[in-house]
Amino acid sequence: MQPDHQKLSEYYAVAPDDIALSDIDTARIPAHVSIIMDGNGRWAAKRGLPRAQGHVAGVDALREAVTAGVRLGFDVFSVYAFSTENWRRPKLEVDLLMGLFAKTLVAELPLFHQENVRLELLGDLEALPAETYRVFMRGLDETAGHDGMTFALAVNYGSRAEIVRAAQDLARLARSGELDPDDIDQDLFSSHLYTAALPDPDLLIRTSGELRLSNYLLYQLAYTEFYVTDTLWPDFTRWDMLRAIRSFQSRSRRFGGV
Ligand code: IPE
Ligand code: IPE
Ligand code: MG
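Model, not experiment: these values are computed from the prediction.

Asks: What is the right way to read the sheet that holds strand β3 (residues 118-122) from this model?
Replies: Backbone-to-backbone hydrogen bonds join strands into a sheet, with any given pair of strands oriented parallel or antiparallel. Strand order in this open sheet of six strands is β3-β4-β2-β1-β5-β6, and the pairing throughout is parallel. Looking along the sheet, the strands with just one partner apiece sit at the ends: β3 and β6 (225-228). The sheet shows a mean angle of 20° between the axes of neighbouring strands, direction not considered. Here helix α3 (residues 51-72) sits on the sheet and contacts β2 (76-83) and β4 (150-157); the angle it forms with β2, its principal contact strand, is near 160°. Along the sheet, helix α5 (residues 130-143) contacts β3 and β4; its crossing angle with β3, the most-contacted strand, is approximately 140°.

Dropping the structure here:
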């Protein structure tokens, strides 16, 4: 999507020393940006606060990131909010996160309407608590007609589970005779992933310095550019988004060619 230049320069008006809007080419904004939002717990620990406070602060960072994405003209902005492995955390923290997802989505629906953002959900939603599931379905329903940026929230998402599920779907179709195994190609396979409706990410950002994927989009990230920052997720601002895009624009993407 083409950014609205007036709104964009207002949004990025008061620049810090090391980065400005003029450092990026607004005609070459990555179409799909994805973020592994990590470091909420460490952010809280640094301040002597309970981990829950880090997650609450993380919501503010996410609101800013969504707005920055809209201003910059992303087609798709996806974020990893809860992995299939995050159920291993203490029940209190899991319950808090599930409650926070529901509460935040309800509170932010006006922003989705105002900015014409469409919600997508990636993951095994049926395993979520009933209230979270209900609110998510409402969010999908209420934003289905929006044709601005797509905001894809990965919740109870795990890439290995996603790939296994796609294989099971295809195997069932083959067994019932609806599909010839020889017709399975990369496009068909992709269409059975949670991300079926989305292009692959162009840029993946991970906050808090970890150099791993933690079971995120293993199939879809084949040719994605990575950007890792030590900034903890609650501290991530519109300027960090710009720094990531500046780095992205300095790369040469070859896709295996020359
Ligand atoms: C990311 O922050 C949020 C979720 C995984 C839900 P963490 O909670 O993983 O924070 P750290 O990595 O422990 O600092
Ligand atoms: C990845 O972060 C998952 C999300 C950000 C939702 P984790 O904090 O769960 O990842 P690990 O455990 O450090 O690999
Ligand atoms: Mg973490």
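Asks: Where do I start with the environment of Arg42 in this structure?
Replies: Take Arg42: it is sitting in helix α2 (residues 40-46). With relative accessibility at 35%, the residue Arg42 sits in the partly exposed group. Separated by 142 residues in sequence, Arg42 and Ile184 have C-alpha atoms that sit 44 Å apart. Among the polar contacts listed, one links the side chain of Arg42 to the side chain of Glu210, at a separation of 2.9 Å.

Asks: Looking at this structure, how should I read the side chain of Thr132?
Replies: Position of Thr132 relative to the elements: it lies in helix α5. Judged by relative accessible area, Thr132 falls into the buried class, the value being 3%. If sequence neighbours within four positions are ignored, Thr132 has contacts with Met98, Phe101 and Ala102.

Asks: Would you mind going over empty space enclosed by the protein with me for this structure?
Replies: A water-sized probe, rolled over the atoms, reveals where empty space remains. Tallied over the entire structure, the rule returns one cavity of 30 Å³ or more. The space that makes up the largest cavity amounts to roughly 30 Å³. His32, Ser78, Leu122, Thr195, Leu198, Pro199, Pro201, Leu217 and Gln220 are the residues that line the largest cavity. When its residues are assigned to classes, the lining of the largest cavity shows five nonpolar, four polar and no charged.

What counts and what doesn't
Residues numbered from 1 in each chain as written. Chains lettered and ligands numbered in written order. Predicted model: local features only at pLDDT ≥ 70, side-chain atom pairs only at ≥ 80, totals over all residues. Heavy atoms only, no water. Pairing = 2+ DSSP bridges. Helix = DSSP H or I, 4+ residues; strand = E, 2+ residues; numbered from the N terminus. Axes fitted to C-alpha atoms, helices over the stretch in contact; angles between N-to-C directions. Contact = heavy atoms within 4.5 Å. Buried < 20%, exposed > 50% of the residue type's maximum accessible area, 1.4 Å probe, protein only. Polar contact = N/O pair within 3.5 Å; in protein donor to acceptor, adjacent residues only side chain to side chain. 1 Å grid on protein atoms, 1.4 Å probe; cavity = no way out; pocket = protein on both sides within 12 Å on 5 of 7 lines; lining within 4 Å. Points joined across faces, edges and corners; volume = space filled by probe spheres on them. Nonpolar A, V, L, I, M, F, W, Y, C, P; charged D, E, K, R; others polar.

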